[in-house]
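Working through the structure, step by step
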Amino acid sequence: MMLFDKLIRYGMPFVPKSIVGKVAKRYVAGEEIADAVSAIRKLNAEGAMATVDVLGEEVREASKAEAAVEQYLSLLETIEHEQIDANVSIKPTMLGLKIDEDMCCSHIKTIVSKAAELDNFVRIDMEDHTCTDATLQIYRRLLTDVGHVGLVLQAYLHRTVTDINELLPLGPNIRLCKGIYREPRAIAWKQYETVRSNFIYTMEKLLQGGAYVGIATHDAHLVWAGMATVDRLGLDPVDYEFQMLLGVDPELRRTILGQGHRLRVYIPFGRDWYPYSMRRLRENPTVAHHVTRAMLGLGPR
Ligand SMILES: Cc1cc2nc3c(=O)[nH]c(=O)nc-3n(C[C@H](O)[C@H](O)[C@H](O)COP(=O)(O)OP(=O)(O)OC[C@H]3O[C@@H](n4cnc5c(N)ncnc54)[C@H](O)[C@@H]3O)c2cc1C
């Protein structure tokens, strides 16, 4: 079964888009803003907060980046209007990072300024290593100029410890995750246990250094390490939060909430669901099972 799982995982690009769509449904709220609002309402009712991502990445035309800004402004207005507990997550390449860094920074500033006006918050997702330097620079500029903004750091990158040393004096708000992109060994830890160890090391460093941390993982060992660290440091539940992705391990979600911690769920929505869904499916340990059932025309179990 493990070999079959691996074959399916590497063969995912050859699986028909309609099958990918069926299997990946659980990871995406839907195509419209109303779908995201209804997913947020359900999670808020469970006691969880949300962060909403408009699906899309790597635009090459300036007009598409401008359209993405408009989508985010309207999303922030909707969150305010609907009185739901959610902030937003953005991807710099969707806002033109690969076209022009200054233009991208100005687009992100427009979104962050709107969030500041509404007393909301923008999280800048971290993409592959070709974006890391520029994303950090944009974050530093906006943190100083506007506030109401946070960044993501990836425990698999060698540089993350140094980045934390440089960011801590600014009182950063950091989502810490393992990292999802396929990075070369020259810049990233490759072994599962080493990434875990670096997650724990960097999480402790951030929390001890006074940063607000979004502990973003479904790895129960890391969730335990997070709970143990905040207890040891005597932190208040408002000083940090756990974060999980929509569609992954609702039981762990309930466990975290049941222990009195705050938890935020990442909710993607939109028409451009394919690249995001592919990344999620590759991570799913039982992807072969789900793909096989969908191919046989059987529903999810
Ligand atoms: C809120 C949030 C935001 C994120 N933002 C970013 C970002 O900006 N940049 C970035 O590079 N990465 C981001 N990630 C992804 C992250 O880097 C990891 O790739 C992802 O969280 C899987 O790592 P893990 O810590 O859950 O551990 P893993 O060891 O991968 O997973 C632990 C367990 O969780 C379950 N699980 C994990 N993924 C799935 C899945 N897709 N389907 C079903 N079960 C699953 C399995 O039981 C697995 O054994 C984000 C993750 C979260 C939770």
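Residues numbered from 1 in each chain as written. Predicted model: local features only at pLDDT ≥ 70, side-chain atom pairs only at ≥ 80, totals over all residues. Heavy atoms only, no water.

Some thoughts on the environment of valine 69
The test is simple: Helical segments are the DSSP runs of H or I of at least four residues, strand segments are the runs of E of at least two, and each set is numbered from the N terminus. The contact criterion used is simple: two residues touch if any of their non-hydrogen atoms lie within 4.5 Å.
As for its placement among the helices and strands, valine 69 is situated in helix α4 (residues 62–82). With near-sequence residues (within four places) excluded, valine 69 lies in contact with Leu95, His107, Thr110 and Ile111.

Some words on the sheet that holds strand β4 (residues 149–154)
Strand pairing in a sheet is mediated by backbone hydrogen bonds. Such pairs are either parallel or antiparallel. Stated formally: Paired strands, as defined in this entry, are two strands with at least two bridges between them according to DSSP. Between the N-to-C directions of two axes lies an angle of 0 to 180 degrees, each axis being a line fitted to C-alpha atoms and, for a helix, fitted only over the stretch in contact.
With parallel pairing, 8 strands are arranged side by side around a closed barrel as β1-β2-β3-β4-β5-β6-β7-β8. Along the sheet, successive strands turn relative to each other by an average axial angle of 30 degrees, direction set aside. As paired strands, β4 and strand β5 (residues 173–177) are joined by 4 bridges and run parallel to one another. If you follow leucine 151 over to β5, its bridge partner there is isoleucine 174.

Examining the site of the ligand
Selection criterion: Put simply, a residue is near a molecule or strand once any heavy atom of it comes within 4 Å of that molecule or strand. Two N or O atoms form a polar contact when they lie within 3.5 Å of each other; inside protein one atom must be a possible hydrogen donor and the other a possible acceptor, and for residues adjacent in sequence the pair counts only when both atoms belong to side chains. Space inside and on the surface of the protein is sampled on a 1 Å grid over the protein atoms alone, with a cavity defined as a set of points where a 1.4 Å probe fits but cannot get out and a pocket as an open set with protein on both sides within 12 Å along at least 5 of 7 lines; lining residues have an atom within 4 Å of a point. Any molecule with more than half of its atoms within 2 Å of a cavity's or pocket's grid points is regarded as sitting in that cavity or pocket. Gly falls in the polar group here, along with every residue not listed as nonpolar (Ala, Val, Leu, Ile, Met, Phe, Trp, Tyr, Cys, Pro) or charged (Asp, Glu, Lys, Arg).
If you check the shell around the ligand, you find 26 residues, and the closest are Tyr27, Gly179, Tyr192, Thr217 and Glu283. One of the side-chain nitrogen or oxygen atoms of tyrosine 192 is found 2.7 Å away from an oxygen atom of the ligand. Within the side chain of histidine 218, a nitrogen or oxygen atom sits 2.8 Å from an oxygen atom of the ligand. With respect to the detected pockets, the ligand is housed in the largest pocket. Of all the secondary-structure elements, those providing two or more residues to the shell around the ligand are β4, β5, β7 (240–245) and α11 (274–283). Ranked by residue count, the leading element in the shell around the ligand is β7, at 3 residues. Partitioning the shell around the ligand into residue classes produces 13 nonpolar, 6 polar and 7 charged.

Section: the packing of helix α5 (residues 101–117) against helix α6 (residues 132–145)
The criterion, for reference: Angles are sorted into four bins: roughly parallel if under 35 degrees, roughly antiparallel if over 145, roughly perpendicular if 65 to 115, and oblique for all others. Each crossing is labelled by how the near helix is turned from the far one, with a counterclockwise turn of less than a right angle marking it left-handed and a clockwise turn marking it right-handed.
Where α5 contacts α6, the axes come no closer than 10 Å and their chain directions differ by 40 degrees. As far as their axial angle goes, α6 and α5 are oblique. Seen along the crossing, α5 lies across α6 with a hand that is right-handed. Contacts from Glu101, Asp102, Cys104, Cys105, Ile108, Lys109 and Val112 of α5 reach α6 at Ala134, Gln137, Ile138, Arg141, Leu142 and Asp145. Across the contact of α5 with α6, the residue classes tally to 7 nonpolar, 1 polar and 5 charged.

Some remarks on the packing of aromatic side chains
Selection rule: Stacked, tilted and edge-to-face are the three classes assigned to paired rings of Phe, Tyr and Trp, where Trp is represented by its six-membered ring and a pair needs centres within 6.5 Å; plane angles under 30 degrees give stacked, over 60 edge-to-face, the rest tilted. When accessible area is computed with a 1.4 Å probe and restricted to protein chains, residues below 20% of their type maximum are described as buried, those above 50% as exposed, and intermediate ones as partly exposed.
One pass over the full model with this rule turns up 3 aromatic pairs. Between the aromatic rings of tyrosine 240 and phenylalanine 242, the centroid separation amounts to 6.1 Å while the plane-to-plane angle is 90 degrees, which identifies the pairing as edge-to-face. Accessibility assignment for this pair places tyrosine 240 and phenylalanine 242 in one class, buried. Relative to tyrosine 276, the ring of tyrosine 266 lies with its centre 6.2 Å away and its plane at 10 degrees, an arrangement referred to as stacked. Note that tyrosine 266 is positioned in strand β8 (residues 263–269) and tyrosine 276 in helix α11, a separation of 10 residues in sequence. In this structure tyrosine 276 comes out as buried when scored by relative accessible area, which is 2%.

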